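# Observations on the model geometry
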Amino acid sequence: MADEGKHSYRDTLNLPETNFAMKANLVQREPQRRKQWAQEKIYAQIRAARAGAPLYILHDGPPYANGDIHMGHVINKVLKDFVVKYRTMAGFDAPYIPGWDCHGLPIESKVVTDLGPKAREMPKEQIRRECMKYAGKYVKIQARQFQDLGVFGAFDDPYLTFKPAYEAGILEVFAHLVGKGLVYKQLKPIHWCVGCETALAEAELEYKDVASPSIFVNFPATDETVQRLIELGLVPDERARQAVVSFMIWTTTPWTLAANLALAVHPYLDYTTVRYEKNGRTYVSVVATDRVQAVVQAGKLPAGQYVVGDKTVRGTELEGLRYQHPFVENNPTDKDAYVVILADYVTTEDGTGLVHTAPGHGLEDYLSGQKYGLAVYSPVQDDGTYDDTVPTWLRGRSVLDVEKDVNGWLQEHGWLFARGQIQHSYPHCWRSRDPVIFRATEQWFIGVDKELPDTGKTLRQMAMENVEQVRWIPAWGQKRIAGMLESRPDWCISRQRSWGLPIPVFTAPDGRTLLTKESVLAVSKHVAQHGSDSWFTHSPRQILGDGFALPEGFNLDELQKEENIFDVWFESGCSWYSVCARREHWPVPVDLYLEGSDQHRGWFQLSLLPALGAIGSAPFRSVLTHGFTVDEKGMKQSKSLGNYVSAQDEVTKYGADILRLWVASVNYQEDVRCTDELIGRTQDAYRKIRNTLRYLLSNINDFEPQQQAVPYEQMFAIDQWVMQELQKLIAEVTEAYDESVFHRVFSLLYNFCTVQMSSIYMDVLKDRMYCDAADSPSRRSGQTAMYHVLSALVRLLAPILVHTMEEAWEALIHKPEDCPSIHLAHMPQVNPTLAEAGQEAKWQKLMSLRDEALRVLEGLRRDKIIASNQEASITMQCTPEDAAALKEFGLSQFAALCIVSEAKLAEGAAQTTVTAGKSPHAKCQRCWNYWPSVGTDPEHPDICARCAAVVTP
RNA sequence: GGGCUCGUAGCUCAGUUGGUUAGAGCGCACGCCUGAUAAGCGUGAGGUCGGUAGUCCGAAUCUACCCGGGCCCA
């Protein structure tokens, strides 16, 4: 049969062979590989192998130990693993200690909710035990899920913020801050449930639409202020004498009026007056010009019964003016009060354009109060009743049911302009369902504007300076964090919860607090041994120790322990100390922090401040941030929106290497579009890369580099070209890795596989590889190049395709380095002598001539003159310049480059063109070339001379 | 509402200091090969650069405004 003849030479060819399978089967094979790594203790091996090498520290930011990981975690952990694995292969000792944020409200809330009503009777220690169990459970789950992504690290000994050693570290940092006088106690308004008599966090609030009172109240101006208003032209002189001149405010919480200390106006809004008669009196009230109509409507003033002033002034003109409180006779605080202040949160959306300000009962009010040096006045007790500093008719009454009394009093005395109701969303306690109030309580703060004794600068100043020394990737991170540092208030570090590290404050019976560097260090020592639970189970004497030298006037046995815990941000903000400095003795600042861009406000800033306070330096040299996952339209992802991608599903569907390759392919600095389809498409790239490696592996199967490598000078020109392309690739990929531009790493490597390798080199090489004698110099030349390419590609890809490259490393018979795992190997280096210049233009010319030839051949194929290019003979009608290039390269080499059987040259054309036709020669049945030499060997009439020589023993 | 930030072919990315017909790979369409075969090769069609108005001899690249996203605040 004819077919038999066609295939009779197949056995004489050097066809590719490898046990590196074409089908990856990642989902099945990856877990086996991980198991093997675990058994071989790969992370420990790497540590041992790099011991003594220069350190590169990427310090892990702790995710919250709650729930399964999501795609955001995948991006974060995989990027970190790229860095760590690359630095390791670049020769650094790059340990990775994963950590978890274990304390905090979300866990406590979940645990308390799961426990149900019995939680209320449980002692704190017991709730804390449950919380620890819960956190521990999710640490295990997430650790498993992170490792399933191929991440290496000290997962058998991670850092957990509830471990005694970690907690002790936090307290040591805190001790430094206390010692430098940065820590202080002050009243601050927080959400408070009067039913539960407890502080609530934002997450414990439920917002419900309710009807609230809405009242407009006049605050009478002082005589001096009236004078000033006359001078400003707001109030005509003659009117002032016979009218009540006042500032009109609007509020939905009449009970807070008792704590009013100021009125806020917007600096750039216009203010004017409304004059009207009510109950036989004439009023002139200052309101924002844009609110006049709304005010008139609220007061139901008939047209013609009121007069709007013709003069307006800016809010800045009103700053510092004074008024009398409508029902509090004397300023109950020891600071200034009853003054007009400026605030840019004043709007014209509702109210009068003047905002009633009670620093003890609102967050904005509080911040304004701080700015103007007002007291944080909160005359409300734990149970929601007024204390004795308010007028007698309010004392002891609950703030939740004084609305009628307040309104009535204001009405009676002529200060109530209008009253109504308003529907709005108001916070309620998640447990009691009661409306929540804002109430000032004592909290602990770290002052950012207090001068440090050692530097003479404030934390804010130091932060602003240090931020310029840090390398931010991308660079705008600096602007972002600087903006936040510029305007941030003092850091409130206390929380009224159970699941956290107690703030080590003792109080004496007379109310004085004991908080010194020494006392904190003593507690730290105790916590290091017994854990923070002991704060609840041990006495102050046991905690501080019998020998503790108390300051004057304190008695060990009379001390009480405060029951505030630290803001969890303070805990994680000390990880640079607890983990890097204290546990590992690494030099701080460390090399890199790498997190999502939300951490500019969070972990980066809140690590920077404690570090500056404690050691006077930032904890990091560089900070890299990534964006967030969004859906295909660029919108944020959430389970409720239904555009959520489950990380678990993706891993089990495609395998970790696909996810990792996907992470490498996108620009993480921006938002990352993430859909199952997008991740699925990465499989195409993976297959191309895998097949490229497989082809290279299968063609050097019989190659022994030590004995059979061909020196560069003796290599075929196209093989030299590949060697040069490889040097470029190594240089560019290395640079991209160094700069952490992983999507460039990806595109460089992927394009190299696709273009240089698959579409050009490996195709061109087939004739030589398959048909030349196995041990011929021509074949060995190609194998030498392929070997170098392969050994470089495998290592360059290893930080990304961690499983697949380990598999390829295994399949590589002669490794460039004798190590059992590719993750112990070193990155390929550029060979400077090969990276010679001057070849680029030559190859660009040759490749463009090749492109032209291929286009012409495509025409022949379309006309059914040829099928494969090997059937063709091309003629290059060349310009003298192109002809010279071709002659220098060699026409037979050019034919090989185009994979045609013959290339001829015709010189002297004005413009280079290509003509082609079917080869006139016979087809060699072995190499399929149409060469003149076919049939010249009588022993083998159906093959060419080259093939005849090869098959002849 | 504020701070920071993003918007180039269906997708993922390039596009130095503004300068000839805006590039690559993938995908897609069409075709070839069957000695990388649940592979491989070739050819080709796709963007006027989120929009508008400016500056300039000339703008994806500079300015202003607008639209639509994201993160963090309010």
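Located above this text is the structure these notes cover.
The text that follows walks through the structure, step by step, so that each part is easy to find.

## Topic: the sheet that holds strand β22 (residues 560–561)
- Ordered by their spatial adjacency, three strands build an open sheet running β21-β20-β22, and the pairing between neighbours is antiparallel. The open sheet terminates on both sides in strands that have one partner only, identified here as β21 (513–514) and β22.
- Pairing between strand β20 (residues 506–507) and β21: two bridges, direction antiparallel. Along β21, the bridge assignment pairs F506 with L514.

## Looking at the nonpolar core
- F174, F570, I874 and F894 are the most contacted members of the largest nonpolar core, which has 229 residues in total.
- Of all the elements, helix α26 (residues 742–771) adds the most residues to this core, at 16 residues.
- Apart from residues no more than four positions distant in its own chain, F894 is found in contact with L846, L849, R850, I874, M876, L886, F889 and A903.
- In terms of nonpolar packing, the next biggest core, distinct from the first, is built from 77 residues, A264, Y283, V292 and V295 among them.

## As for the pattern of salt bridges
- Under the defined criterion, the tally for this structure stands at 55 salt bridges.
- Two residues, D336 and R322, come together in a salt bridge whose shortest N-O distance is 3.0 Å. Placement of D336 in the loop between β12 (313–314) and β13 (339–342) and of R322 in the loop between β12 and β13 is noted, with a sequence separation of 14 residues between them.
- Note on D336: relative accessible area 33%, which makes it partly exposed.
- With its nearest N and O atoms 3.2 Å apart, the salt bridge here joins R855 to E852. With a gap of three residues between them, R855 and E852 both fall in helix α29 (residues 840–862), about one helical turn apart.
- Since its relative accessible area comes to 54%, R855 is described here as exposed.
- Looking at E852, the relative accessible area reads 30%, which means it is partly exposed.
- Three or more residues joined by partner-sharing salt bridges are found here, namely E30, R34, R144 and D148.

## Side note on helix α8 (residues 223–232)
- The set of residues buried in α8 consists of T225, V226, L229, I230 and L232. What you see down the axis of α8 is that its buried residues fit within an arc of 160°, all on one side. Looking at α8, the residues exposed on the side facing more than 90 degrees away from the buried face are D223, E224 and E231.
- Following α8 by one or two positions, G233 has its phi on the positive side, about 85°.

## What to know about the protein's contact with RNA strand B
- Lining the immediate environment of RNA strand B, one finds 51 residues, of which R480, G634, N667, R694 and H743 sit closest.
- Among all atoms of RNA strand B positioned within 4 Å of the protein, those belonging to sugar or phosphate total 82%.
- Within the contact set of RNA strand B, a phosphate oxygen lies 2.9 Å away from a side-chain nitrogen or oxygen of K479.
- The contact in question runs from a phosphate oxygen of RNA strand B to an N or O atom on the side chain of R694, over 2.4 Å.
- Looking at the surface near RNA strand B, the elements that each hand over two or more residues are α14 (477–487), α23 (676–699), α26 and α29.
- Taken together, the residues that form the surface near RNA strand B break down as 18 nonpolar, 11 polar and 22 charged.

## Some points on the packing of α23 against helix α28 (residues 802–811)
- α28 packs onto α23 with a crossing angle of 10° between their chain directions and a minimal axis gap of 11 Å. The angle between the axes of α23 and α28 places the two elements in the roughly parallel class. On α28, the residues touching Y686, R690, L693 and L697 of α23 are T804, M805, E807, A808 and A811.
- Residues that form the contact of α23 with α28 fall into these classes: six nonpolar, one polar and two charged.

## Quick notes on unusual backbone geometry
- In this structure, the amide linkage connecting I473 to the following residue, P474, adopts the cis form with an omega of -5°.
- Within the secondary structure, P474 sits in the loop between β17 (471–473) and α14.
- Residue K300 is not a glycine yet carries a positive backbone phi of 50°.
- Owing to a relative accessible area of 68%, K300 belongs among the exposed residues under this scheme.
- Even without a glycine there, the phi angle at I899 is positive, about 55°.
- Note on I899: relative accessible area 24%, which makes it partly exposed.

## Regarding the side chain of T625
- On the secondary structure map, T625 appears in strand β25 (residues 620–626).
- Discounting chain neighbours no more than four positions away, the residues touching T625 are I473, P474, E595, G596, S597, H600, F604, Y668 and Q669.

## What to know about the packing of aromatic side chains
- Scanning the entire structure with this criterion turns up 35 aromatic pairs.
- Relative to Y166, the ring of Y159 has its centre 5.7 Å away and its plane inclined at 5°; by these criteria the two rings are stacked.
- Assessed through its relative accessible area of 2%, Y159 is described here as buried.
- Look at F216 and F417: their rings are 6.4 Å apart centre to centre, the planes differ by 70°, and that puts the pair in the edge-to-face class. Taken together, the positions of F216 in strand β6 (residues 205–220) and F417 in strand β15 (residues 416–429) put the pair 201 residues apart, joining distant regions of the chain.
- For F216, a relative accessible area of 9% corresponds to the buried category.
- According to the relative accessible area criterion, F417 is buried, its value standing at 3%.
- In this structure an aromatic cluster arises from ring pairing among F82, Y86, Y668, Y737 and F742.
- The lysine or arginine in question, K450, covers the ring of Y184, its NZ or CZ lying 4.6 Å from the ring centre.
- A cation over a ring is seen here: R690 above F20, with NZ or CZ 4.3 Å from the ring centre.

## Examining the sheet that holds strand β4 (residues 183–193)
- Taken together, the four strands give an open sheet; going across it, the order is β5-β4-β16-β18, and neighbouring strands pair in antiparallel fashion. The sheet terminates laterally at β5 (198–200) and β18 (491–492), the two strands that pair on one side only.
- Alignment of strand β16 (residues 437–446) against β18, held across two bridges, turns out to be antiparallel. Among the inter-strand pairings, F445 is bridged to a residue of β18, identified as C492.

## Observations concerning the pairing of β6
- Sheet topology note: the β6/β15 ladder contains 13 bridges and is antiparallel. Across the sheet, the residue bridging to V217 is L416, located in β15.
- Two elements, β6 and strand β7 (residues 244–251), share six bridges in a ladder whose sense is antiparallel. Within the sheet, the bridge partner assigned to F219 lies in β7 and is F247.

## Looking at helix α3 (residues 42–50)
- Those residues of α3 not exposed but buried are I42, Y43, I46, R47 and R50. The arc enclosing the buried residues of α3, seen along the axis, measures out at 140°, which places them on a common side.
- Tucked inside the fold, the buried residues of α3 contact α2 (26–39) and α4 (71–89).
- Downstream of α3 by one or two residues, G52 has phi in the positive range, about 90°.

## Overview of the environment of L58
- Positionally, L58 belongs in strand β1 (residues 58–59).
- L58 gets classed as buried once you look at its relative accessible area, which sits at 1%.
- With 38 residues separating them along the chain, L58 and Y96 place their C-alpha atoms 6.7 Å apart.

Scoring rules and cut-offs
- Residues numbered from 1 in each chain as written.
- Chains lettered and ligands numbered in written order.
- Predicted model: local features only at pLDDT ≥ 70, side-chain atom pairs only at ≥ 80, totals over all residues.
- Heavy atoms only, no water.
- Pairing = 2+ DSSP bridges.
- Helix = DSSP H or I, 4+ residues; strand = E, 2+ residues; numbered from the N terminus.
- Core = buried A, V, L, I, M, F, W, Y, C linked by side-chain atoms within 4.5 Å.
- Buried < 20%, exposed > 50% of the residue type's maximum accessible area, 1.4 Å probe, protein only.
- Contact = heavy atoms within 4.5 Å.
- Salt bridge = Lys/Arg side-chain N within 4 Å of Asp/Glu carboxyl O.
- Arc of directions from axis to C-beta.
- Near = heavy atom within 4 Å.
- Polar contact = N/O pair within 3.5 Å; in protein donor to acceptor, adjacent residues only side chain to side chain.
- Nonpolar A, V, L, I, M, F, W, Y, C, P; charged D, E, K, R; others polar.
- Axes fitted to C-alpha atoms, helices over the stretch in contact; angles between N-to-C directions.
- Parallel < 35°, antiparallel > 145°, perpendicular 65-115°, else oblique.
- Phe/Tyr/Trp six-rings, centres within 6.5 Å; stacked < 30°, edge-to-face > 60°.
- Lys NZ or Arg CZ within 6 Å of the ring centre and 35° of its normal.

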